[in-house]
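Architecture at a glance
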Amino acid sequence: MEDIYAKFVSQKISKTRWRPVPPGSLQTADTFAAGSWDNEENYVSLWSIGDFGNLDSDGGFEGDHQLLCDIRHHGDVMDLQFFDQERIVAASSTGCVTVFLHHPNNQTLSVSQQWTTAHYHTGPGSPSCSSAPCTGVVCSNPEIVTVGEDGRINLFRVDHKEAVRTIDNADSSTLHAVTFLRTPEILTVNSIGQLKIWDFRKQGNEPSQILSLTGDRVPLHCVDRHPNQQHVVATGGQDGMLSIWDVRQGTMPVSLLKAHEAEMWEVHFHPSNPDHLFTCSEDGSLWHWDASTDVPEKSSLFNQGGRNSTFLSHSISNQANVHQSLISSWLSTDPAKDRIEITSLLPSRTLSVNSLDVLGPCLVCGTDSEAIYVTRQLFS
């Protein structure tokens, strides 16, 4: 991968997300949303990457992403997800969840819906209703699930004023992220190293399954589910390790891969090429992990800078009798035999890389150095 373009945007970027491409369409990603944090005024913005990477009149590469529109956002943007082509859901540090609507005719964003007190602290020591940050949101039309620092899980339906379902004391610790496993089932990660699976078909406030890292209760910050194999999940946390889990078996990760030197903020499987995975970190790095089996004799050498990637892994013993072809390359990777190739995508270390998203050949990431980086040539 050669060309990654930076655009300085004068605000710290907490989240970046590609607008989904319409189903069946052959076009590549051309628009992304960004959210900011830790600025005097925060914004949710929409950007176009236009004719990216084309030669300009001077014979240089044109890599300037253009701002289409933006709208003020109360509080830090803690998470951002496209609900559909036109609507974007933002999670705020104020506990509010907002659905923004994009009007392409006049390039504006407006508030279409808002749940102002989705997350709040209650009980002794907190005011009657003090807000709690909403830390994560996941969408599956028509549903929106939110999690927060208050340990609460909300199930909203777009165009409904009230939550369809709330699990009030889902967790005694902070919930940091959420993803869908299957439509009625979600998976959350928390600040004491646990993954919990929740089934909305069941009444009550108990998870249907709990998995955890043994030993140190390292906070987990991010989670992503394999797009084709819903039992395979990747998480990242405060120690920078990448953990791969098979939720069908055991309560511990299948493999632990030593990764970043500080917190891992996001992990994403490539949606259409899931042997490839991407992570970003507080240490200023953005990594591409390639576990595809067609790479000849992989070396474990870190591609840029020659750093050796160290692998800690424990394979699950009964995997041998599972038909090999059904096993995700992430589960069958035995570090002694296979090597995962890791490539650093940013030209130099920067301040924290807070967020990334991948779609087709395109990647976008946002940083505390007030830059948004974009490439359209992930696999070239």
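Definitions and limits used
- Residues numbered from 1 in each chain as written.
- Predicted model: local features only at pLDDT ≥ 70, side-chain atom pairs only at ≥ 80, totals over all residues.
- Heavy atoms only, no water.
- Helix = DSSP H or I, 4+ residues; strand = E, 2+ residues; numbered from the N terminus.
- Areas by Shrake-Rupley, 256 points an atom, 1.4 Å probe, with all protein chains shown as cover.
- Pairing = 2+ DSSP bridges.
- Axes fitted to C-alpha atoms, helices over the stretch in contact; angles between N-to-C directions.
- Salt bridge = Lys/Arg side-chain N within 4 Å of Asp/Glu carboxyl O.
- Buried < 20%, exposed > 50% of the residue type's maximum accessible area, 1.4 Å probe, protein only.
- pLDDT = per-residue confidence, 0-100.
- Contact = heavy atoms within 4.5 Å.
- Core = buried A, V, L, I, M, F, W, Y, C linked by side-chain atoms within 4.5 Å.
- Phe/Tyr/Trp six-rings, centres within 6.5 Å; stacked < 30°, edge-to-face > 60°.
- Polar contact = N/O pair within 3.5 Å; in protein donor to acceptor, adjacent residues only side chain to side chain.

1. A short note on the overall build of the chain
From N to C terminus, the chain includes one helix and 31 strands. Accessible area for the chain stands at about 16,500 Å²; split by element, carbon and sulfur atoms hold 47% of it.

2. Focus on the sheet that holds strand β8 (residues 97–103)
Strand order in the open sheet formed by four strands is β6-β7-β8-β9, and the pairing between neighbours is antiparallel. With one partner strand each, in any of the chains shown, β6 (77–82) and β9 (108–115) form the two edges of the open sheet. Put simply, the sheet's adjacent strands are angled 25° from each other on average, direction ignored.

3. Quick word on the sheet that holds strand β14 (residues 153–157)
Judged by pairing direction, the sheet is antiparallel, and its four strands sit side by side in the order β12-β13-β14-β15 without closing on themselves. A strand with exactly one partner marks an edge of an open sheet, and here the two such strands are β12 (134–140) and β15 (165–167). Looking at each pair of strands side by side, their axes are set apart by 15° on average, direction ignored. Here β14 pairs with β15 via three bridges, running antiparallel.

4. Remarks on the pattern of salt bridges
Scanning the entire structure with this criterion turns up 14 salt bridges. Between R182 and E185 there is a salt bridge, and its shortest N-O distance comes to 2.6 Å. A salt bridge links R201 to D199; the shortest N-O distance between them is 2.8 Å. We classify R201 as exposed; its relative accessible area is 58%. Classification of D199 by relative accessible area gives buried; the value is 11%. When salt bridges that share partners are traced, they join K15, R17, D79 and E266 into one network.

5. What to know about the confidence of the model for the chain
The predicted coordinates should not be examined in detail at positions where pLDDT is low. Confidence in the prediction for the chain averages 86 pLDDT; 84% of positions are at 70 or higher. Note that residues 52–62 has pLDDT below 50 and, in this model, 18 contacts with residues that lie over four places away or in other chains. This stretch, residues 295–326, has a pLDDT under 50; its non-local contacts, to residues over four places away or in other chains, come to 61 contacts.

6. Let's talk about the nonpolar core
Grouped together as the largest cluster of nonpolar side chains are 19 residues, with contacts concentrated most on A234, L242, I244, V267, L277, W289 and W330. Only β21 (232–237), β22 (242–246), β24 (264–269), β26 (286–290) and α1 (329–332) provide two or more residues apiece to this core. A per-element tally of this core places β24 first, with three residues. In contact with W289, other than residues within four places in its own chain, are L242, L257, K258, A259, D275, H276, L277, T279, W330, I340, E341 and I342.

7. Structural notes on the packing of aromatic side chains
Following the criterion strictly, the structure yields five aromatic pairs and no others. Ring centres of W115 and F156 lie 4.3 Å apart, and the angle between their planes is 20°; on these two criteria the pair is classed as stacked. Of this pair, W115 sits in strand β9 while F156 is found in strand β14, placing the two residues 41 residues apart along the sequence. Classification of F156 as buried rests on a relative accessible area of 3%. Judged by centre distance (6.1 Å) and plane angle (70°), the ring pair of F269 and W330 falls under edge-to-face. A residue pair is termed long-range when its members are at least 10 positions apart, and F269 in strand β24 and W330 in helix α1 qualify at 61 residues.

8. A short note on the environment of E40
Among the secondary structure elements, E40 is positioned in the loop between β3 (31–36) and β4 (42–48). Once the C-alpha coordinates of E40 and Q11 are considered, the two residues, 29 residues apart in sequence, prove to be 9.3 Å apart.

9. Considerations on the side chain of T188
By the secondary structure assignment, T188 is in strand β17 (residues 185–190). A polar contact is formed between the side chain of T188 and the side chain of W198, at a distance of 3.1 Å. If sequence neighbours within four positions are ignored, T188 has contacts with V147, I153, L175, A177, V178, Q194, L195, K196 and W198.

10. Structural notes on the environment of H73
Note on placement: H73 falls in strand β5 (residues 66–73). According to the relative accessible area criterion, H73 is buried, its value standing at 6%. Between the C-alpha atom of H73 and that of S36, which follows or precedes it by 37 residues, the distance is 8.6 Å. At a separation of 3.0 Å, a polar atom in the side chain of H73 contacts the main-chain carbonyl oxygen of G75.

11. Looking at the pairing of strand β31 (residues 371–375)
In terms of residue burial, β31 counts as a mostly covered element, since five of its five residues are buried. What you see with β31 is no split at all: A371, Y373 and T375 on one side and I372 and V374 on the other are buried throughout. In terms of strand pairing, strand β1 (residues 5–8) meets β31 through four bridges, oriented antiparallel. The residue bridging A6 from the neighbouring strand is Y373, located in β31. Pairing of strand β30 (residues 362–367) with β31, which is carried by four bridges, proceeds in the antiparallel orientation.

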